[in-house]
Amino acid sequence: MKVHIGGTRGGSPVPDPAFAKYGGDTTAFRVEGSSGHSLFVDAGTGLRNFADELADAHRNGGVKIIFSHFHLDHLDGATLLPRMLPSGARVQVYSGRHLGGNAAEALQNLYRPPVWPVCFETMGIKLWPREFDANARVFLRHGSLSVSALPTVHPGASTAFRFTDSDGSSCVIATDIEWEEMDTARQAAFLDFASDSSVLLFDGEYGADAYASRRGWGHSTREQAVAVADATRSPLLRILHHSSHMDDGGLRAVDRVVGRRRGAALARQGDVLSLP
């Protein structure tokens, strides 16, 4: 399995050279199985970094994008799809029923007049909604990959995903999760869900001091991310959802501290994690 990181920012994209090392695009991932099949996670502006892979997926059975939730920084790259796919392309969009609506509805309701000049159908993209129950059971199989999901605590709800490859590797992505707001039972359920994953990608937008004034905003601390990785026995940790206000200098200082935990680092746009 390979995990490709297309975007790491939360909130809004930052097209500024001072943010280039860790990346300015919002959330998007590509998980590539040992069979060569790919699944895409979220559609932030980082989706643009997978143009060739999206076109390849279209030619080989269709594009599948799995959405953690429907906040703007996870949808704001979707309007790039018409530039990356041929007119008439069908895109399967997966989302959990616990989100209170499906991904196709969320995208269609956002990108239409008066907010956007034309709808997806006019742009030549056919969105095919696929809903699932986030009950920690497998809801999707694609090539060598199987995917399960678990609800997380975040304003309006969000979803964590576990990707398992037939080669034995696994990846857990929990991009928007507020660990402090989860009760003991939900924390235990997550630790079980993510146990022994080859890599854990976990929300860590804040330091402990900053979190005190942002409790309830839906995100975790970097200290919590490290503790969760230790509890799940995940050898690799990549911390996600970097603030759009923190440039490379600030993140580099944070990265040095995070790196004291063996196998831990801040996620960088463009990273490819090749898992055993």
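All residue numbers refer to positions counted from 1 along the written sequence of the respective chain. Reporting in this predicted model follows two pLDDT cut-offs: at least 70 for local features of residues, and 80 or more for side-chain atom pairs to be given and counted; totals over whole chains, interfaces and linings ignore these cut-offs and use all residues. Hydrogens are left out, water is left out, and the side-chain values use all remaining heavy atoms of the structure.

Looking at this structure, I do not really get the overall build of the protein. What am I missing?
Note on conventions: DSSP H or I runs of at least 4 residues are helices, E runs of at least 2 residues are strands, and numbering of each starts at the N terminus. Helix and strand counts for the protein come out as eight helices and 14 strands. The globule rule is 2.2 Å times the number of residues to the power 0.38, and the radius of gyration it is compared with is taken over C-alpha atoms. For 276 residues, the compact-globule formula gives about 19 Å, and the C-alpha radius of gyration of the protein, at 17 Å, lands near that figure. Referenced to the eigenvectors of the C-alpha coordinate spread, the extents of the protein come out at roughly 50 × 40 × 30 Å. Think of it in three bands: with a 1.4 Å probe and only protein chains considered, a residue is buried below 20% of the maximum accessible area for its type, exposed above 50%, and partly exposed in between. Per-residue burial for the protein yields a buried fraction of 57% across its 276 residues. Residues are treated as being in contact if the distance between any of their heavy atoms lies within 4.5 Å. By sequence separation, contacts in the protein at least 24 residues apart represent 68% of the contacts at least 6 residues apart. Note that His is not counted, nor are the chain ends; the positive residues are Lys and Arg, and the negative ones are Asp and Glu. Charge positions are represented by NZ for Lys, CZ for Arg, CG for Asp and CD for Glu. Distance between charge centres in the protein, computed from 28 positive and 31 negative side chains, equals 4 Å.

Got a minute to help me understand the side chain of S244 in this structure?
As for its placement among the helices and strands, S244 is situated in the loop between β12 (236–240) and α8 (248–258). A relative accessible area of 18% places S244 in the buried class. If we ignore the near neighbours within four places in the chain, the residues touching S244 are R9, G10, S12, V14 and F19.

It is not clear to me how the sheet that holds strand β13 (residues 264–266) should be interpreted in this structure. Could you clarify?
One key point about sheets: their strands pair by backbone hydrogen bonds, in either a parallel or an antiparallel sense. A pair of strands is considered paired only if DSSP assigns at least 2 bridges between the two. Taken together, the seven strands give an open sheet; going across it, the order is β7-β8-β9-β10-β11-β12-β13, and neighbouring strands pair in mixed fashion. The sheet is open, and its two edges are formed by β7 (138–142) and β13, each paired on a single side. Pairwise comparison of adjacent strand axes, ignoring direction, gives a mean angle of 20° for this sheet. Pairing analysis gives eight bridges linking strand β8 (residues 145–152) to strand β9 (residues 158–165), with the strands arranged antiparallel. Within the sheet, the bridge partner assigned to S148 lies in β9 and is R162. Orientation is described by lines fitted to C-alpha atoms, with helices fitted over the stretch in contact, and by angles between N-to-C directions that extend from 0 to 180 degrees.

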